[in-house]
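# Per-entry structural report
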Amino acid sequence: MSDGSPFLPNHYGSSRDLPETTVSTHEFLEAVTRFRPSLDPDQGHAIELPWNAGVCIVAGPGTGKTSTLVLRILKVIFVDGIPPGSVMATTFTRKAAAELRSRVLAWGFRLQQELLGMPGLAPEVHAFVRSVDLNKARTGTIDSLGARMLREHRPPSGPTPALAAPYSAKAIMRRHGFFMAGLDKDPMLERLLLGLHSATRDRFGFDAHRKGELLSELWERRFHDVVAWDDWVAAEPDPHGPRHLVDDAHAAYLSALEERNLVDYVLLQARVLEAIRDGDLDPALAEIEVLLVDEYQDTNLLQEQLYFEIVSRCGGAITVVGDDDQSLYRFRGATVDLFSRFPERYDQRFGRRAESVFLTFNYRSSAPIVRFVNDFVTMDADYRSVRSMGKPILQQTGNTDGHPVYAMFRANEEILARDLANLIWNIFRGTGGALPAGLVVADPDHGDVGDCVVLSHSPSDVKYDRQLRLPHLLRLELEAKPSPVRVFNPRGETLGFNPTVSVLGGLLLYCLDPDGSHLDQSFLSEDVPDVLTVWRERAKAVLSLPIVPHGLSDYVNAWRNRSIGRPGWTWARETPGLELFYALVQFFPSIVDDPEQHLYLEAFARQFSECAQVTRLRGAIITDTTNRDLSDRSVRALIENVLAPIAERKVDIDEDLLVAYPRDRLPIMSIHQAKGLEFPITIVDVGSDILRAHKANAFKRFPETGETAHRMEDLLRTHSTLGATERSQVNRGFDDLYRKFFVAFSRPQHILILAGCNGTRPEGEIPHVATGTTRYEHESRWRDRPPFTYI
Amino acid sequence: MNLPTRPTTYEIPSYSLTGDLLAFRHCGLRYRFHGIGKMPETRPVQRWYGVFIHGCLDEAYRYYKAFASGRNERPPWHPVVLTEIIELVTRRLENQDLRAWSHAIRVAAEARVTTTLREAGPRLLPMILQTETRVTGTRPLAEDSPTRTFRVVDRYEVTGVIDAVASLSPGSRGLVEEAMRSTLGLLPDAGTTVIIDYKGSRRPSLAHTPGTLARDGVGNDDVGDTIDDVGLAEGQPTVWTSPEWQVASYADLWSAGRPMHQGMTGMVIYINELHPNEVDFLKFQTEIRLGLTDVPPEGRLLAEALAWRRGNPLPALPLRFRLLRAMRSIPVTAEAIRTAATAFDSVVTEIEECLSREHRGGTMREVWQQNPNPSCPTCDLRFTCSAFQATSVGRRQFATPRAPEHRGREGQGTLRHGGGPGDPAPDGTDARPR
């Protein structure tokens, strides 16, 4: 160390040989302030803590969480002298990992440049700074980094299983774990699954697909919670009881995966953990000195064990960053307690307490919004009790006289959509949106409707009964304006209703199954045959238009009549289904030319690939007149695994394919999607579709029962070191709802608008946590003094 | 109040040398469709061949390492071991839904791997220090263009995977070492570190060198001979120049931050040359006649090569000659590295421009350049690709997709499905995903 950092590793774990010459903390901080604002005291503290300590950074929204993490990584490299290749940083999604890497490299190079240009830097320090190769820093998701370690350090002839896509994994569970294991008719299993599906044992939506999904969720939760599985199964005395049946289903699923040499995500993580414990990854781990984990509030027990196992090799040098108030992924196995109790858990494992740092200065939102968010997150005493111990409120740094928080409540969704559309249109296409605190006008040079977002519990365009929801109504209103505004809501759009999807899907179906006979024999969810029939009719309508793409009719007719064949011609015995799909696409050059349409094409292509993973016929169309059964099976496999998942909304488009959200469209997204994003204007739909206090909508406003994830926790955690929770399912439901709206309310920079129907106003009759009703009071705290201005 | 705008995203995009940069140069539209768009190819002929060859050579090295730790026998291995390696890799690729497009391609690939491991393996494998080494680096991009408005990009990250890093020890003896020294122009007792890139193709002809007719192929021209040279711009990489860019860049990235105790150079090994087939040999003959090969046979070998006629057994080429044909030196000089880096900067700039144009509403075929090349006849976009349709091959094919039927009985007659070429032999595309 050149100046002797004040944080020498005396009482901390690893005692590696540090380079003798590095940058001093003072030089580091001076160089940083040359290209970004000064650090606030909390950020400075978080960055300067010793590299080999256990550190827990609790970072509220807009407090510079990622910046602090990145600067801590750079401090570890430049001040503490840890080689970049020995620094591993992980986060939750691929997109977040790409952003993290971009920031580490960009700031790292800038820092390097500033340090090298710093007058008076000792020659040996100069040489050290020059020698740092930031590219070697290891960043990624824990899955990608784990898979890479397994791949690179596998023994000769060692297995290299492919990763099963989530839908493929579910399809294999349904097919092999449920049907082929003969469990679909078992009343005992059905009873257990129904109890998980619905607290009131309501059978709505409880079809075979749902049962398969529940078996998959149990499988994942079993790994996420590191359940002592044999003990859990053995706790059921009846050897034919439901736990044994779940075990049978899982065994059949595992066997089907192994037969295909596939692993799913939880198996991958479990294998990495096993390989670490067996010492197989020692060469890889020997290089790692520090681990930093972002979004730790959404970690699970399996991941915690993985992280702790990795850092046990480097003396416990781990920094975790997150915010318990923003934990949204319980349904995927996240256990927020692992974050809020990190210091104690770290102590239990490493024999010393982790340092906690709270980042509290909010740099994103205006002061009125920060006040509102603080008020919201602290109003429920019971929720306060589950937050990280000693967590302070957010401090305002933004404009103190900004717009107040607004609320727009209307009699119904149609009126709400109309008024919201008018406001949005006026701001971005008109002369300005008139709000009580003044006229709001988009930036004349670069402003566009992409500066605004609509967040909703679900961005879905339609309800289960196909009634239109706010996202769709808003789309219609905006598109009907004189200078139309288009909406960007690919997740909410029902793929099956999309014109491109329905025509291409219909043509595929018409080629494969012209008379619908295969459709009748395929295993499909209840509504799917109707949707597919509509598709085929739409395709037929396209073929009967006065102008049809040249050659399309001949092509489709040839496929329809392939079993009859033409005299003197032989049909190919095996054609990749994807080839038929691409051929159909090319009859429509406008689809090929439109980048947005490619998102739909990719959804089809993905299903073909998954079909190849799941079925023995690998997504091929077999035309074999000597083996009709095989030919028929190949068609049914495509209907069940390619067309049906799209028709029944099980397939989402992959937004990661978008390089950027289109600026000229209004984004509508779920609150989960908005995590980590910020927008100048944020409209939060708190209940546009809640017209009365019905138990069916209670889960999204004022829970009366727990959700499937809560029931699963209670079912399995008796046999996990996590232990059974004392908190009731309903209370956990409330906690989750507070977290969700906290995330939504903390996205805006300048203007926050709550939107809903009148019943959900604070003085309305429908209790709703987002409008001030806490769990033990059935009347809103904001009834007399709402913290927002009505518009 | 004037509403502030959302800040533009800052991003350092990551580009793979082969999967992105060379693929884009190969054909922009195809790269957009299969690369960025993640649409799988229906007939990944080249991909299977490349991944298979590389997979087998990597697996063989792991076997060799296991010998070093006493868990396996020393090479040369019994044929059963070679079969075991081949079957293991085949199964692994099948799990990724990668299969040989035809039995002939599979047999050819297996024969080439077997010959390589049997004849060159015992000397080559012990020289290898590491395989499948991931390298990465970051380069500044020239001034951010005002047209790139959707994200700020002032640097890009480039990634790649080195097939093998080998150490040629001073004084080591053996046919492979000697061929290597001869290829690299080293003195008999010299040693060096060699960055190796395997190519599942034959040695390209001199027709692909800069300044000559640039018939880009990503391959051995099995189908490419009939492709017009429409759309090939000056400076387009050819099968001759792209390995130079690739290996020089890999060497540069690999050496970053490493103390180099001896020199370092690059080498491409063209695997097909170790086990040429009839098609390879016919081309070899043509190249000899036209003076278009840089490693011609001499004396008796030359006479035998020219005298050979299709249908007869291939002349037995000595291993030393085949090794010299297979090995190509890629000098790793400051100039070569600079040339490669400049070329890649220019490709990244072009890709970023294309993305920006697309983001501003450009259509796919307007924005992404289409380059006719030998793999066009099997391309999934061949019916909407105006550049291919304008070539002589494209003009001879159907303009719209045709049903997959052919005249006559199974296995006979002419294919009618869209004018596809049936079973194109594997060529030199190294289009492995990175």
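Residues numbered from 1 in each chain as written. Chains lettered and ligands numbered in written order. Predicted model: local features only at pLDDT ≥ 70, side-chain atom pairs only at ≥ 80, totals over all residues. Heavy atoms only, no water.

The next point concerns the packing of aromatic side chains. Residues and elements named next belong to chain A. Under the counting rule described, the total for this entry stands at 43 aromatic pairs over all chains. Summarising the aromatic geometry, the rings of Phe 92 and Tyr 329 are spaced 5.1 Å apart at their centres and angled 50° between planes, so their arrangement reads as tilted. In this pair, Phe 92 sits in the loop between strand S2 (87-91) and helix H4 (94-116) while Tyr 329 sits in the loop between strand S7 (318-322) and helix H15 (337-340), placing the two residues 237 residues apart along the sequence. Assessed through its relative accessible area of 30%, Phe 92 is described here as partly exposed. Geometrically, the ring pair formed by Phe 702 and Phe 734 is edge-to-face, given 4.8 Å between the ring centres and 85° between the ring planes. Of the two residues, Phe 702 sits in the loop between strand S20 (679-687) and helix H30 (708-716) while Phe 734 sits in helix H31 (residues 729-745), which places them 32 residues apart along the sequence. Residue classification places Phe 702 among the buried residues on the basis of a relative accessible area of 5%. Phe 734 gets classed as buried once you look at its relative accessible area, which sits at 2%. (Phe/Tyr/Trp six-rings, centres within 6.5 Å; stacked < 30°, edge-to-face > 60°. Helix = DSSP H or I, 4+ residues; strand = E, 2+ residues; numbered from the N terminus. Buried < 20%, exposed > 50% of the residue type's maximum accessible area, 1.4 Å probe, protein only.)

We now examine helix H28 (residues 628-647) of chain A. Residue and element names in this part refer to chain A. Spanning 20 residues, H28 covers 26 Å between terminal C-alpha atoms, matching the ideal 28 Å at 1.5 Å per step. Along H28, the sharpest kink reaches roughly 30°, centred on Ile 639. With 16 of its 20 residues buried, H28 lies for the most part within the structure. Positioned one or two residues after H28, Arg 649 has a phi angle of 65°, which is positive. (Expected span 1.5 Å × (residues − 1). Bend = angle between axes of the 7 residues up to and from the residue.)

Moving on to unusual backbone geometry. All names here are of chain A. The phi dihedral of Asn 261 is positive, around 55°, even though this residue is not glycine. Its place among the elements puts Asn 261 in the loop between helix H11 (242-259) and strand S5 (262-263). For Arg 618, which is not glycine, the phi torsion reads 55° and is therefore positive. Relative to the elements of secondary structure, Arg 618 occurs in the loop between helix H27 (595-614) and strand S18 (620-622).

The subject of this paragraph is the sheet that holds strand S15 (residues 486-488) of chain A. Residue and element names in this part refer to chain A. In spatial order, the strands read S15-S19-S14-S20-S21-S11-S22; together these 7 strands make up an open sheet with parallel pairing. On the outer flanks of this sheet lie S15 and strand S22 (789-790), each paired with one strand and no other. Relative to strand S19 (residues 665-670), strand S14 (residues 452-456) runs parallel, the two sharing 3 bridges. Each bridged residue has a counterpart across the sheet, and for Ser 456 the counterpart in S19 is Ser 670. Against the sheet, H31 engages S14, S20 and strand S21 (748-757), with an angle of about 150° to S20. (Pairing = 2+ DSSP bridges. Contact = heavy atoms within 4.5 Å. Axes fitted to C-alpha atoms, helices over the stretch in contact; angles between N-to-C directions.)

Before going further, it helps to examine the confidence of the model for chain B. Residue and element names in this part refer to chain B. Of the residues in chain B, 84% reach a pLDDT of 70 or more, and the chain-wide mean stands at 82. No element of chain B has a lower mean pLDDT than strand S5 (residues 151-152), which averages 73, and none a higher one than helix H10 (residues 319-326), which averages 96. Taken together, the stretch residues 411-434 has pLDDT below 50 and engages in 85 contacts with residues farther than four places along the chain or on a different chain. Confidence metrics for the complex model read pTM 0.88 and ipTM 0.84. (pLDDT = per-residue confidence, 0-100.)

A common measure of how large an interface is: the accessible area buried when the components associate. Listed per partner, the contact involves 66 residues of chain B and 80 residues of chain A. Taking both sides of the interface into account, the surface hidden between chain B and chain A amounts to around 6300 Å²; carbon and sulfur atoms contribute 57%. The three residues of chain B that bury the most area against chain A are B:Met1, B:Leu3 and B:Arg6, which together make up 13% of that side's buried surface. Inspection of the chain B/chain A interface yields 5 salt bridges. With its nearest N and O atoms 3.7 Å apart, the salt bridge here joins A:Asp654 to B:Lys38. Counting the contacts that link chain B with chain A gives 21 residue pairs in polar contact (both at pLDDT 80 or more). Broken down by element, the side of chain B that touches chain A gets its largest block of residues, 5 residues, from helix H3 (residues 45-68) of chain B. Its residues assigned to classes, the side of chain B that touches chain A shows 23 nonpolar, 16 polar and 27 charged. Pairing of strand S13 (residues 438-442) of chain A with strand S1 (residues 2-3) of chain B, which is carried by 2 bridges, proceeds in the parallel orientation. Bridge pairing in S1(B) links A:Ala442 to B:Leu3. (Buried area = accessible area lost by both parts, 1.4 Å probe. Salt bridge = Lys/Arg side-chain N within 4 Å of Asp/Glu carboxyl O. Polar contact = N/O pair within 3.5 Å; in protein donor to acceptor, adjacent residues only side chain to side chain. Nonpolar A, V, L, I, M, F, W, Y, C, P; charged D, E, K, R; others polar.)

Moving on, we get to the state of the cysteines. Counting across every chain of the model gives 0 disulfides over all chains. B:Cys354 forms no disulfide, and the closest cysteine sulfur to it belongs to B:Cys27, at a distance of 11 Å. (Disulfide = S-S within 2.5 Å.)

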